[in-house]
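Examination of the molecular architecture
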Amino acid sequence: MTKHIKIIEYALSSLLRRKYKSFAIIVAFSFTVAALASVLFLTTALKIEASHVFASAPDLIVQRTTAGRHELIPVDYAETIRNIPGVGAVHCRYWGYYYDALTEANYTVLGVKGDQDTLTLLDGRLPRTSGECAVGAGTAWLRHAESDRELILVNSQATGVVFDVVGVFRSESSLLSNDLVVLTDDGIKDFLGFPPDRATDIVVEVHNSNEVQTVAAKIKRFFPDARPITKSELIRTYDMVFNWRSGMMLTVFSAAVMAFCILAWDKATGISAEEKQEIGILKAIGWDTSDVLALKFWEGLIIAMTSFFVGILTGFAHVFFFDAAILASVIKGWSVLFPRFHLVPQINAYQVFVMGFLTVTPYVASTVIPAWKAAITDPDTVMRG
Amino acid sequence: MPDELTALNGISVEIERGRVTVLKGPSGSGKTSLLTLIGCMSRPTSGRIFVDGKDVVKLPERFLTGIRRKKFGFVFQQYHLIREVKVLENILLPLYPLTMKFSSMKERAMSVMKQLSIEEKQHFKVKQLSGGEQQRVAIARAIINNPEIVIADEPTAHLDLKLAGEFIDILRTLCGEGKSILIATHDPFVYDHAMVSTVIEMRNGRVEEVRVK
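Residues numbered from 1 in each chain as written. Chains lettered and ligands numbered in written order. Predicted model: local features only at pLDDT ≥ 70, side-chain atom pairs only at ≥ 80, totals over all residues. Heavy atoms only, no water.

As for the overall build of chain B
Note the following rule: For helices the rule is a DSSP run of H or I covering at least 4 residues; for strands it is a run of E covering at least 2, with both sets numbered from the N terminus onward. We compute the radius of gyration from the C-alpha atoms alone; for a globule the expected value is 2.2 Å times N to the 0.38, where N is the number of residues. Per-residue accessibility, obtained with a 1.4 Å probe over protein chains only, is compared with the maximum for each type, and a residue is labelled buried under 20%, exposed over 50%, and partly exposed between these values. We call two residues in contact when some of their heavy atoms are within 4.5 Å. The sign given to each residue is positive for Lys and Arg and negative for Asp and Glu; His and the chain ends receive no count. Where a charge lies is defined by one atom per residue type: Lys uses NZ, Arg uses CZ, Asp uses CG and Glu uses CD.
From N to C terminus, chain B includes seven helices and eight strands. For chain B, the C-alpha radius of gyration of 17 Å lies close to 17 Å, the compact-globule estimate for 213 residues. Each principal axis of the C-alpha distribution contributes one length, and for chain B these read about 50 × 40 × 35 Å. Per-residue burial over chain B gives 54% buried out of 213 residues. Considering only contacts in chain B between residues 6 or more positions apart, those separated by 24 or more positions represent 68%. Between the centroid of the 31 positive side chains of chain B and the centroid of its 25 negative side chains there is a distance of 6 Å.

So this is what it looks like as structure tokens:
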């Protein structure tokens, strides 16, 4: 133990002696780890956020498609669905998108009956009349529409409509509520110009979760133009979307990884004449091959672990304190409006371990292997170069 | 093989314990090669080397390291100090792989530095020292393990007469402590010195003459 502490001390002193080189490697290494960590943290956090959202999602959503595209669904479908055995509550949902030219952002406009328990009011209450609305934190921030103020939006007839903001939302996930404008069902029908017998989709509760697929099949049989979407399908789709997006980003960052690999390869294929001579000197004055390898191992590990933790912390800060400013628009992707999007810090220990293994191990190996080649050579030969 | 060079050939010498032995000869005569073989820093393609009666040529590397650590102290021609490192750390280097407490290591280093009058330079980097001071640091590093044999390769090559004289004084002290000294040199100031007991004259990789004073 004493011996290794002394060797670690000497390794630290060696790294400080080559401080500019060590610093440059730490910067390059940390950047690579930070880039990878940012993508993985953001993807994981988004997936977890999405899973929070879908935890309270209905068992089944029924949409209507025409020519493969989503269409408004007749509200009388709900009655037929309600009569299917095993089906609990069934209700029509009214929602759509609204492009706000003023802020150049898309809002999600959602109709509620005033009893939505998946969204928690941060401030105020749900709308009760057609002239009232509640908004997500992002919308409120963009339109300066805090509680007790007015929000003016342009309806489907191109007429400005004034809504009283009666609440600002928060939710388990800002992913869901950030871009919301919530109106009453009647309010949204007027505002977006829904035909009187149409809704956006129908949500269905199924008493026994094992029967969701059976109910979905029955709905499909009753209404061939309907598309029943189960909760598990939704979760799987979002997982795939995030995996695809993170895969794209990892591909982009593979350039950084490649650059780092070249650096590691450069180290692995040879050590400097100065380092070689130092190994020769150490061997000549009584250091064993294992002592030299221990020295190089600690040097590599100190650099790699320092870089790894700096990279992980930078990635963590980037994603969770700076809201993934560099990556968010690419990975989140589907909406224009994500101001002040804030993710709850989530870390997957397994991912961090794998990332550590895939970055620290190659670097340490690339430090030790060339040193090993020099350390097993006669000290005289190594010193002479 | 056409590219192979025979550095040493047909050599048979014996280095006496507790004496000063000099390998004398012009550059390229094989002095340094012989020193590195004796010091277990390289292996001969053929032949045998006995240290304390034990043939070391066939020994695995880890045993040679042990012999280098316990038996030999080297003072290289170019000193081979680590220039960016402080004097104290350079001197302590041979002790790092040992299971010795840092306080004991430092105590021993202070004693050696005092013996060589370089204790005031302990916090200087090697590159800040003069040639003579660097050589003392190299000697201090060579003897900190209390080796039985001190090997010095062209120790006066970079020293003026005064410093060379001081070096000889140090060797004389070491010899007085019972250490064997083996020096490779072509400097008459060294090989003609009274303290030298044996002069082995080399030329073209062979021993020309062994002169015992």
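Looking at the environment of Pro188 of chain B
In this fold, Pro188 of chain B is placed in helix α7 (residues 188–191). Distance from Pro188 of chain B to Lys24 of chain B, taken between C-alpha atoms, is 8.9 Å for residues 164 residues apart in sequence.

Observations concerning the packing of helix α9 (residues 273–284) of chain A against helix α12 (residues 349–375) of chain A
Residues and elements named next belong to chain A. Definition in use: Note on method: axes are straight lines fitted to C-alpha atoms, helices fitted across the in-contact stretch only, with angles between N-to-C directions ranging 0 to 180 degrees. An angle counts as roughly parallel when it lies under 35 degrees, as roughly antiparallel when it exceeds 145, as roughly perpendicular when it falls between 65 and 115, and as oblique in every other case. For a crossing to be left-handed, the near helix must be turned anticlockwise from the far one by less than a right angle; the clockwise case is right-handed. When residue character is reported, Ala, Val, Leu, Ile, Met, Phe, Trp, Tyr, Cys and Pro are called nonpolar, Asp, Glu, Lys and Arg charged, and the others, Gly included, polar.
Relative to each other, α9 and α12 sit at 50 degrees, their axes nearing to 9 Å. In terms of orientation, α9 and α12 fall into the oblique class. Handedness of the crossing formed by α9 with α12: right-handed. The residues of α12 that touch α9, namely those facing Lys276, Ile279 and Lys283, are Ala371, Ala374 and Ala375. Of the residues assigned to the contact of α9 with α12, the class counts are four nonpolar, no polar and two charged.

Brief notes about the sheet that holds strand β5 (residues 149–153) of chain B
All names here are of chain B. Put simply, the rule reads: Only when DSSP finds a minimum of two bridges between them are two strands counted as paired.
Strands sit in the order β4-β5-β6-β1-β7-β8 across an open sheet of six strands; the sheet is mixed. What marks the edges here is a single partner per strand, and that holds for β4 (72–75) and β8 (206–212). Taking the axes of each pair of neighbouring strands and ignoring which way they run, one obtains an average angle of 15 degrees across the sheet. Sheet analysis places strand β1 (residues 20–24) next to strand β7 (residues 198–203), joined by four bridges and oriented parallel. In the strand pairing of β7, Thr21 is matched with Thr198. The strands that helix α2 (residues 61–71) touches are β4 and β5; relative to β4, the one it contacts most, it runs at about 75 degrees. Contacts from helix α5 (residues 131–143) reach β4 and β5, with the element oriented near 170 degrees to β4.

Here's the deal with the layout of surface pockets
The following threshold applies: Of the grid points, spaced at 1 Å and generated over the protein atoms alone, those admitting a 1.4 Å probe that cannot get out make up cavities, while open sets with protein on both sides within 12 Å along at least five of seven lines make up pockets; any residue with an atom within 4 Å of a point is treated as lining. Grid points are joined across faces, edges and corners, and a volume is the space filled by probe spheres set on the points.
In this structure, the second largest pocket spans a volume of roughly 1300 Å³. Contributing to the lining of the second largest pocket are 40 residues, with Leu8, Leu34, Leu37, Ile38 and Ile49 of chain B lying nearest its centre. Of all the elements in the fold, those that place two or more residues in the lining of the second largest pocket are α13 (379–384) of chain A together with α1 (31–38), β2 (50–51) and β6 (180–185) of chain B. Top element by residues in the lining of the second largest pocket is α1 of chain B. It accounts for five residues. Per-class residue counts for the lining of the second largest pocket are 16 nonpolar, 13 polar and 11 charged.

A closer look at a nonpolar patch on the surface
Residues and elements named next belong to chain A. Which entries qualify depends on this criterion: Patch construction takes residues with relative accessible area above 30% that form no salt bridge. Like charges are linked within 9 Å, and nonpolar side chains (Val, Leu, Ile, Met, Phe, Trp, Tyr) are linked within 5 Å. The method behind every accessible area is Shrake-Rupley, applied with a 1.4 Å probe, and residues are considered shielded solely by the protein chains displayed. When a carboxyl oxygen of Asp or Glu lies within 4 Å of a side-chain nitrogen of Lys or Arg, that pair is called a salt bridge.
On the surface, Phe353, Phe357 and Leu358 cluster together into a nonpolar patch covering about 360 Å² of accessible area. Examined against the element boundaries, Phe353 turns out to sit in helix α12. Since its relative accessible area comes to 56%, Phe353 is described here as exposed.

Some details on the interface of chain A and chain B
Heads up, the condition is: Computed with a 1.4 Å rolling probe, the buried area is the accessible surface lost when two parts are put together, summed over both parts. Counted as a polar contact is a pair of N or O atoms within 3.5 Å, where, for protein atoms, one must be capable of donating a hydrogen and the other of accepting one, and residues adjacent in sequence contribute only when both atoms are in side chains.
With 25 residues of chain A in contact, the opposing surface of chain B contributes 32 residues. Note on chain A versus chain B: buried area summed over both sides is about 2400 Å², and carbon and sulfur give 60% of it. Salt-bridge contacts for Glu61 of chain B lead to Lys283 of chain A; the nearest nitrogen and oxygen are separated by 2.7 Å. The tally of links between chain A and chain B comes to 10 residue pairs in polar contact (both at pLDDT 80 or more). Looking at the side of chain A that touches chain B, the elements with two or more residues in it are α1 (2–17), α9, α10 (289–321) and α13 of chain A. The element that contributes the greatest number of residues to the side of chain A that touches chain B is α1 of chain A, accounting for eight residues. When the residues that make up the side of chain A that touches chain B are grouped by side-chain class, the tally is nine nonpolar, five polar and 11 charged.

With respect to a negative patch on the surface
Residue and element names in this part refer to chain A. On the surface, a cluster of negative charge is contributed by Asp123, Asp148, Glu150 and Asp164. Topologically, Glu150 is positioned in strand β9 (residues 150–154). In this structure Glu150 comes out as exposed when scored by relative accessible area, which is 51%.

Let's talk about the packing of α5 of chain B against helix α6 (residues 161–176) of chain B
All names here are of chain B. For the pair α5 and α6, the least separation of the axes is 11 Å and the interaxial angle reads 15 degrees. Between α5 and α6, the angle falls in the class roughly parallel. For the element pair α5 and α6, the recorded crossing hand is right-handed. Residues Gly132, Gln135, Arg136, Ile139 and Ile143 of α5 form the contact with α6, whose own contacting residues are Leu163, Glu166, Phe167, Ile170 and Leu174. Considering only residue class, the contact of α5 with α6 consists of six nonpolar, two polar and two charged.

What to know about the packing of aromatic side chains
Residue and element names in this part refer to chain A. Inclusion rule: Ring geometry is summarised as follows: Phe, Tyr and Trp rings, the Trp one being its six-membered ring, pair when their centres sit within 6.5 Å, and such pairs are stacked at plane angles under 30 degrees, edge-to-face over 60 and tilted between the two.
All told, the structure shown has 20 aromatic pairs over all chains when counted by the stated rule. Between Phe297 and Trp298, the aromatic rings sit 5.3 Å apart at their centres with planes inclined by 70 degrees, giving edge-to-face as the arrangement. What makes Trp298 partly exposed here is its relative accessible area of 22%. The structure contains a cluster of three or more aromatic residues connected by ring pairs, namely Phe41, Phe316, Phe320 and Phe321.

Concerning the pairing of strand β6 (residues 105–112) of chain A
Within a regular beta strand, the side chains point alternately toward one face of the sheet and then the other, so they alternate between its two faces. Residues and elements named next belong to chain A. Summarising burial for β6: seven of the eight residues are buried, a large majority. Between strand β5 (residues 95–100) and β6, which pair antiparallel one after the other, the connecting turn spans four residues, and Glu104 there sits at a positive phi close to 55 degrees. Bridging between β6 and strand β11 (residues 180–184) involves five bridges; their strand directions are parallel. Within the sheet, the bridge partner assigned to Leu110 lies in β11 and is Val182.

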